[in-house]
Amino acid sequence: MRPLCQRDASSCGACCGLYNRADHSAASTRRLLDARTDALALAARSATGFRAAAASLAGGEPEPLFPSVRICPLLGWLDGARTRVGCLAHPAATGGPDLRDCGVYDAATCESFLCPSHSWLGDEEAELADGACADAHLYGLVVTDVPFLRAALAAVAGLSGARVERRHLDHPAFRRALRRLLALKEELAPGSEGLFGAFRPDPSGEPVPRRIDYEAMGRGVSAFDALLTCVGADPRSGNDLDRLEGEVRRRLDACARALSG
Ligand code: SF4
Ligand code: SF4
């Protein structure tokens, strides 16, 4: 499969720590990426220049949500229009030197790392995530959470009676409706289980599903349990189960209507 990091319409910076902060909204991450891009544009294209800029940037950034996960200040905007997130220390961005040793890992680690989604996602699933999200924020949340993406596509298929295919994104109404469904990932409480796709693999490498404790809430299992479980629709994650269930139902109905329209 083609790397998931830079796709036709979307880009991802999740493993460089983009979402590892309490306020990981699109507006907030944009401000962060703007500041880094502006600062690094003024830095000398040398290890000394980038190390100094990285230290200065890191000192002024908010505390990480998960202190054990690294946040690299060299992640910024690759393009002039600021639509594509990526590594500003990569030779393709610096125009020559490889300055990735100045970040929170070393260049060899950055060069070789591919997140687990690369082994779990199929080509069509990756294309659906890219085409539906088409950005540098929602896409990274979705493409790193294989169970969520699969649950969303399966729920749409279950309601509409048709498997979701890449060609369906050619219909603007369906593309918008699917994006809105996937955008649940942008609306979860900080620290939610479902936020970062923190799924655990079983011994065969497949993800172990989470579980919503319906009994503790005195209610039955939701018809949308798979999707709700993926987004951490559980009071322990700070999310309101009933509210999220209503949102899921509305957004799925919209997808099914658009697919059949
Ligand atoms: S989290 Fe995965 S898709 Fe995103 S930039 Fe890292 S390796 Fe690429
Ligand atoms: S130096 Fe490595 S960790 Fe930092 S932004 Fe580049 S790829 Fe990500």
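See the structure above.
I will try to describe carefully the structure that is included in this document.

Definitions and cut-offs
- Residues numbered from 1 in each chain as written.
- Chains lettered and ligands numbered in written order.
- Predicted model: local features only at pLDDT ≥ 70, side-chain atom pairs only at ≥ 80, totals over all residues.
- Heavy atoms only, no water.
- Near = heavy atom within 4 Å.
- Nonpolar A, V, L, I, M, F, W, Y, C, P; charged D, E, K, R; others polar.
- 1 Å grid on protein atoms, 1.4 Å probe; cavity = no way out; pocket = protein on both sides within 12 Å on 5 of 7 lines; lining within 4 Å.
- Points joined across faces, edges and corners; volume = space filled by probe spheres on them.
- Helix = DSSP H or I, 4+ residues; strand = E, 2+ residues; numbered from the N terminus.
- Expected span 1.5 Å × (residues − 1).
- Salt bridge = Lys/Arg side-chain N within 4 Å of Asp/Glu carboxyl O.
- Buried < 20%, exposed > 50% of the residue type's maximum accessible area, 1.4 Å probe, protein only.
- Axes fitted to C-alpha atoms, helices over the stretch in contact; angles between N-to-C directions.
- Parallel < 35°, antiparallel > 145°, perpendicular 65-115°, else oblique.
- Left-handed = near helix turned anticlockwise from the far one by under 90°.
- Contact = heavy atoms within 4.5 Å.
- Core = buried A, V, L, I, M, F, W, Y, C linked by side-chain atoms within 4.5 Å.

A separate point is the site of ligand 2. Near ligand 2, the surroundings consist of Cys16, Cys72, Leu74, Leu75, Cys87, Arg100, Tyr105 and Cys110. Considering only residue class, the shell around ligand 2 consists of seven nonpolar, no polar and one charged.

This part is about empty space enclosed by the protein. Under the counting rule described, the total for this entry stands at one cavity of 30 Å³ or more. Counted as a void, the largest cavity has a volume near 40 Å³. In terms of lining residues, the largest cavity is bounded by Gly17, Leu18, Asn20, Arg21, Leu32, Arg36, Glu61, Pro62, Glu63 and Ile71. Broken down by class, the residue content of the lining of the largest cavity amounts to four nonpolar, two polar and four charged.

The next point concerns helix H8 (residues 146–160). Side chains of residues three or four places apart in an α-helix project in the same direction, reflecting 3.6 residues per turn. In this model, H8 (15 residues) spans 21 Å end to end at C-alpha, consistent with the 21 Å of a helix rising 1.5 Å per residue. Downstream of H8 by one or two residues, Gly161 has phi in the positive range, about 80°.

When charged atoms on two side chains of opposite charge get close, those side chains can pair. Following the criterion strictly, the structure yields 18 salt bridges and no others. The shortest N-O distance in the salt bridge between Arg82 and Asp38 comes to 2.6 Å. Taken together, the residues span a long stretch of sequence, with Arg82 in the loop between strand E1 (75–77) and strand E2 (85–87) and Asp38 in helix H1 (residues 26–42) at a distance of 44 residues. Residue classification places Arg82 among the partly exposed positions, given a relative accessible area of 22%. Here Asp38 falls in the partly exposed class, since its relative accessible area comes to 39%. A salt bridge links Arg250 to Glu247; its shortest N-O distance comes to 3.0 Å. Taken together, the positions of Arg250 and Glu247, both in helix H11 (residues 241–260) and three residues apart, correspond to about one turn of that helix. Three or more residues joined by partner-sharing salt bridges are found here, namely Arg180, Glu187, Glu247, Arg250 and Arg251.

Next up on the list: the packing of H1 against helix H2 (residues 47–59). Two elements in contact, H1 and H2, have axes whose closest approach is 10 Å; the angle formed by their N-to-C orientations is 150°. By the angle between their axes, H1 is roughly antiparallel relative to H2. Both H1 and H2 take part in a crossing whose hand is right-handed. The residues of H2 that touch H1, namely those facing Ala35, Arg36, Ala39 and Leu40, are Phe50, Ala53 and Leu57. In terms of residue class, the contact of H1 with H2 is built from six nonpolar, no polar and one charged.

Right, let's talk about the site of ligand 1 for a bit. In the vicinity of ligand 1, the contacting residues are Leu4, Cys5, Cys12, Ala14, Cys15, Phe113, Cys115, His118 and Thr144. Residues of the shell around ligand 1, tallied by class, amount to seven nonpolar, two polar and no charged.

The next thing to look at is the nonpolar core. Residues Leu178, Leu181, Leu182 and Leu227 are the most contacted members of the largest nonpolar core, which totals 45 residues. Those elements that place two or more of their residues in this core are helix H6 (123–133), helix H7 (138–143), H8, helix H9 (172–182), helix H10 (225–230) and H11. Ranked by residues supplied to this core, first place goes to H8 with eight residues. The residues touching Leu227, leaving out its near neighbours within four places in the chain, are Phe148, Ala151, Ala152, Ala155, Leu181, Val248 and Leu252.

The next subject is the environment of Ala47. By the secondary structure assignment, Ala47 is in helix H2. The spatial distance from the C-alpha of Ala47 to the C-alpha of Leu99 is 6.1 Å, given a sequence separation of 52 residues. For Ala47, the residues in contact, after removing those within four places along its chain, are Leu99 and Cys102.

Moving on, we get to unusual backbone geometry. Even without glycine at this site, Arg82 takes up a positive phi of about 60°. Of note, Ala134 is a non-glycine position whose phi angle comes to about 50°, a positive value. Structurally, Ala134 can be placed in the loop between H6 and H7. The exposure class assigned to Ala134 is partly exposed, which follows from its relative accessible area of 41%.

Next up on the list: the packing of H8 against H11. Two packed helices can be described by the angle between their axes and the distance between those axes. Packing of H8 against H11 leaves a shortest axis separation of 9 Å and a crossing angle of 60°. One element, H8, and the other, H11, form an angle in the oblique class. Helix-helix and strand crossings are classified by hand; for H8 and H11 the assignment is right-handed. Only Leu252, Asp253, Cys255, Ala256 and Leu259 of H11 make contact with H8, whose side of the interface consists of Ala152, Ala155, Val156, Leu159 and Ser160. Within the contact of H8 with H11, the residues separate by chemical class into eight nonpolar, one polar and one charged.

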